[in-house]
Amino acid sequence: AATALAAGRRAALTVVAGIATGAVVWSLAMFFGVAALITAYPASTRALSIAGAAYLAYLALKGFRSALSSGTPVIGPRDISGGYRSWLHGMTVTLANPKAALFYASLALFINGLDVSREILVGMAIVFGVEAATVYGMMGILFSASGFRSFYIGHSRAFDFVFACFFSVLALLM
């Protein structure tokens, strides 16, 4: 959303391609090995959960600070204009996100308990990538539209506050 607001649709959709790539990488990594490590070392699940909660708490704090700040919100240009850098940004953000790790680990632990072929697992990873591209692509298109951008800027503090509350609750539940 931030890239769409600041740099436009092209950059946002390139970031989305990186997010989708990250989703496929996480899925494959979990399906073909990392989930086995998590099963062998149950404390790692708790560590991922704590990291995810800390990340959510950080996002909540950042949201509350933005919601309570004074002055007019400014969405400035980002140093991402599309191409390889945008794609890499999207993939890096996804791969470094502990919430993503926890999500794909939970799916892998469930799916790996079933008798599923490698081909089905690869197909599922592709489906997760398409799902990520669809959801985040729609957000990129929406947030890059000039009318929505104006609406968001006018109501950004309310958005920040709502998301900060949401992230706070999720962090506490983890």
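See above for the structure.
Residues numbered from 1 in each chain as written. Predicted model: local features only at pLDDT ≥ 70, side-chain atom pairs only at ≥ 80, totals over all residues. Heavy atoms only, no water.

**Q** Help me understand the overall build of the chain in this model?
**A** Of regular secondary structure, the chain possesses seven helices and zero strands. Taken from the N to the C terminus, the helices and strands of the chain come in the order α-α-α-α-α-α-α. The buried share of the chain, reckoned over its 174 residues, is 34%. Counting contacts in the chain only where the partners sit at least 6 residues apart, residues at least 24 apart contribute 85% of the total. Of the roughly 10,000 Å² that the chain leaves accessible, carbon and sulfur atoms contribute 71%. (Helix = DSSP H or I, 4+ residues; strand = E, 2+ residues; numbered from the N terminus. Buried < 20%, exposed > 50% of the residue type's maximum accessible area, 1.4 Å probe, protein only. Contact = heavy atoms within 4.5 Å. Areas by Shrake-Rupley, 256 points an atom, 1.4 Å probe, with all protein chains shown as cover.)

**Q** What am I meant to see in a nonpolar patch on the surface here?
**A** A surface patch of nonpolar side chains, amounting to about 490 Å² of accessible area, comprises Phe 163, Phe 166, Val 169, Leu 170 and Leu 173. Turning to its location among the elements, Phe 166 is positioned in helix α7 (residues 146-173). You can call Phe 166 partly exposed: its relative accessible area is 46%. (Patch = residues over 30% accessible without salt bridge, like charges linked within 9 Å, V, L, I, M, F, W, Y side chains within 5 Å. Salt bridge = Lys/Arg side-chain N within 4 Å of Asp/Glu carboxyl O.)

**Q** Can you help me understand α7 in this one?
**A** In an α-helix, one turn spans 3.6 residues; hence positions three or four apart end up facing the same way. Along α7, the sharpest change in direction is near 70° and occurs at His 155. Looking at α7, one finds that the buried residues are Phe 148, Tyr 152, Ser 156, Asp 160, Ala 164 and Ala 171. Buried-residue contacts for α7 involve α1 (2-7), α3 (43-68) and α6 (118-144). (Bend = angle between axes of the 7 residues up to and from the residue.)

**Q** I'm lost on the packing of aromatic side chains in this one. Help?
**A** The description of an aromatic ring pair rests on the distance of the ring centres and on the angle between the ring planes. With the rule as written, the count across this model stands at 14 aromatic pairs. Their ring planes at 65° and their centres at 6.5 Å tell us that Phe 148 and Phe 159 sit as a pair that is edge-to-face. Three or more aromatic residues link up through ring pairs in this structure, and these residues are Phe 143, Phe 148, Phe 151, Tyr 152 and Phe 159. (Phe/Tyr/Trp six-rings, centres within 6.5 Å; stacked < 30°, edge-to-face > 60°.)

**Q** I keep staring at the nonpolar core and nothing clicks. Help me out?
**A** Most often, soluble globular proteins keep nonpolar side chains buried together rather than apart. Ranked by internal contacts, the top residues of the largest apolar core, which has 20 residues, are Trp 26, Met 30, Phe 31, Ile 38, Leu 48, Tyr 104 and Ala 108. Among the elements of the structure, α2 (9-40), α5 (98-112) and α6 are those that each provide at least two residues to this core. Broken down by element, this core gets its largest block of residues, eight residues, from α2. The next biggest cluster of nonpolar side chains, apart from the first, holds six residues, and it includes Ala 4, Leu 5, Phe 143 and Tyr 152. (Core = buried A, V, L, I, M, F, W, Y, C linked by side-chain atoms within 4.5 Å.)

**Q** Please clarify how the packing of α3 against α7 should be interpreted in this entry.
**A** Helix-helix packing: each pair is described by the crossing angle between the helix axes and the interaxial distance. The contact between α3 and α7 brings their axes to 8 Å, and the two run at 155°. In terms of their interaxial angle, α3 and α7 are classed as roughly antiparallel. For α3 against α7, the interelement crossing comes out left-handed. For the pair formed by α3 and α7, the contact residues are Ala 53, Leu 56, Ala 57, Leu 59, Ala 60, Gly 63, Phe 64, Ser 66 and Ala 67 on the first element and Arg 157, Asp 160, Phe 161, Ala 164, Cys 165, Phe 167, Ser 168, Leu 170 and Ala 171 on the second. Taken together, the residues of the contact of α3 with α7 break down into 13 nonpolar, three polar and two charged. (Axes fitted to C-alpha atoms, helices over the stretch in contact; angles between N-to-C directions. Parallel < 35°, antiparallel > 145°, perpendicular 65-115°, else oblique. Left-handed = near helix turned anticlockwise from the far one by under 90°. Nonpolar A, V, L, I, M, F, W, Y, C, P; charged D, E, K, R; others polar.)

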